[in-house]
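# Residue-level structure breakdown
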Amino acid sequence: MIKTDILIIGAGPTGLFAVFEAGLLKLKCHLIDALPQAGGQCSEIYPKKPIYDIPGFPEILAGDLTNNLLEQCKQFEPGFTLGERAETIEKQEDGSFIVTTNKGTKHQAPVVAIAGGLGSFEPRKPLIDNITFFEDKGVEYFIKDPEVYRNKRVVISGGGDSALDWSIFLSKVASEVTLIHRRNEFRGALDSVEKVQELKNKGKIKLITPAEVINVVGHDKVEAVVVSQAEHIQKEFEIECDHFIPLFGLSPKLGPIANWGLEIEKNAIKVNNALDYQTNIPGIFAIGDVNTYPGKLKLILCGFHEATLMCQAAYQIINPGKKYVLKYTTVSGVDGFDGTRKEAPKQVVKSIQ
């Protein structure tokens, strides 16, 4: 059983900033996320796309924002359960909650903050009849451990940042990398497109466009994929491989959270925005894009604000009757749970003669 003060479901920007705000109140956090790494959409879907509306940053790449948030909250030592989806929630006699993931990992906390963005992300799967049979038998939608592909033959489908970036990375790991895209043009960072072009010219990546994988071949595991290529005439052929990785992005769904007895409106969780973003179930909050209330704006900076107020309310639940006096970090500094301290240099006090 993993025990913490605030259990945060969703490790995107809002969830990560909540760790920092909770840490200022001496509250520990643990985060659950269905994705294999922290960062939510920013790290999984568009890590190299610039964001222009983060205060203090005229422009910042989504992946860099995630890295900065992880660095900011690091001294508060958050725990992570990644690659697992929050499945069930049970309220205990003492008022705390036990949240169990789809893999059976149990977490207990007096406060639960749902910061799941647009919901749990599920991979968009290609329309291939037998694709489900080969899942975990050579078909993967996420790359959790690149070493799995060491000296293997890999086929990647997709035309976005993930497909480009992983093709580049695995060209140094796999024995053979083939990138297949249904168009000649790629929707990704320019430097990634140019890098793939360079690796193709060097024979490190095989590129097949415009084309798509229409079937997977094998007995107990992936042995080959069938590719349909449209040039002057349509033709089909097989490519022998050990792994097929379709990277077509993620589809957001509220998932099992929709069955937790929360008040839902248009696939979002209704909260009390007049006070603390608490749901209809006391002790359960929803912050960021996953919530809804009159005037709601789905912006990262709004999620930061909601996380801050949520933590103040969580403090009162965890420390009933105890008064908290807000201290500005410019004055009080920041004391991490790891023993580190950040503070402004002390002013020199000196009389003038």
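For the structure itself, look to the data block above.
Two descriptors summarise a pair of aromatic rings, namely the distance from one centre to the other and the angle between the planes of the rings. Considering all chains together, one arrives at seven aromatic pairs under this definition. With centroids separated by 5.3 Å and ring planes inclined at 65°, the aromatic side chains of Phe76 and Phe337 adopt a geometry described as edge-to-face. With Phe76 in the loop between helix H3 (62–73) and strand S6 (79–82) and Phe337 in the loop between strand S24 (334–335) and strand S25 (341–342), this residue pair connects regions lying 261 residues apart in the sequence. Residue classification places Phe76 among the buried positions, given a relative accessible area of 1%. Geometrically, the ring pair formed by Tyr277 and Tyr293 is tilted, given 5.5 Å between the ring centres and 55° between the ring planes. Here Tyr277, found in the loop between strand S21 (268–270) and strand S22 (284–286), pairs with Tyr293, found in the loop between strand S23 (291–292) and helix H6 (300–318); they are 16 residues apart in sequence, far enough to count as distant. A residue is classified by how much of its surface remains accessible, and Tyr277, at 4% relative accessible area, is buried.

Looking now at the pairing of strand S18 (residues 243–246). Alternating positions in S18 separate into two faces, His243 and Ile245 on one and Phe244 and Pro246 on the other, with burial throughout. Where strand S12 (residues 153–157) and S18 come together, four bridges link them in parallel fashion. By the bridge assignment for S18, Ser157 is matched with Pro246.

Take the sheet that holds S21 next. If you trace the three strands from one edge of the open sheet to the other, you get S20-S21-S23, paired in mixed fashion. Sheet topology places strand S20 (264–265) and S23 at the edges, where each strand pairs with a single neighbour. Across two bridges, the pairing between S20 and S21 is antiparallel. Residue pairing for S21: Glu265 is matched across the bridge by Ala268.

With six bridges joining them, strand S15 (residues 211–217) and strand S16 (residues 224–230) adopt antiparallel strand pairing. Looking at the pairing, Val213 lines up with Val227 of S16. Linking S15 to S16, which pair antiparallel, is a turn of six residues.

Rules behind the numbers
- Residues numbered from 1 in each chain as written.
- Predicted model: local features only at pLDDT ≥ 70, side-chain atom pairs only at ≥ 80, totals over all residues.
- Heavy atoms only, no water.
- Phe/Tyr/Trp six-rings, centres within 6.5 Å; stacked < 30°, edge-to-face > 60°.
- Helix = DSSP H or I, 4+ residues; strand = E, 2+ residues; numbered from the N terminus.
- Buried < 20%, exposed > 50% of the residue type's maximum accessible area, 1.4 Å probe, protein only.
- Pairing = 2+ DSSP bridges.

Functional significance is not addressed by these values, which are geometric in nature.
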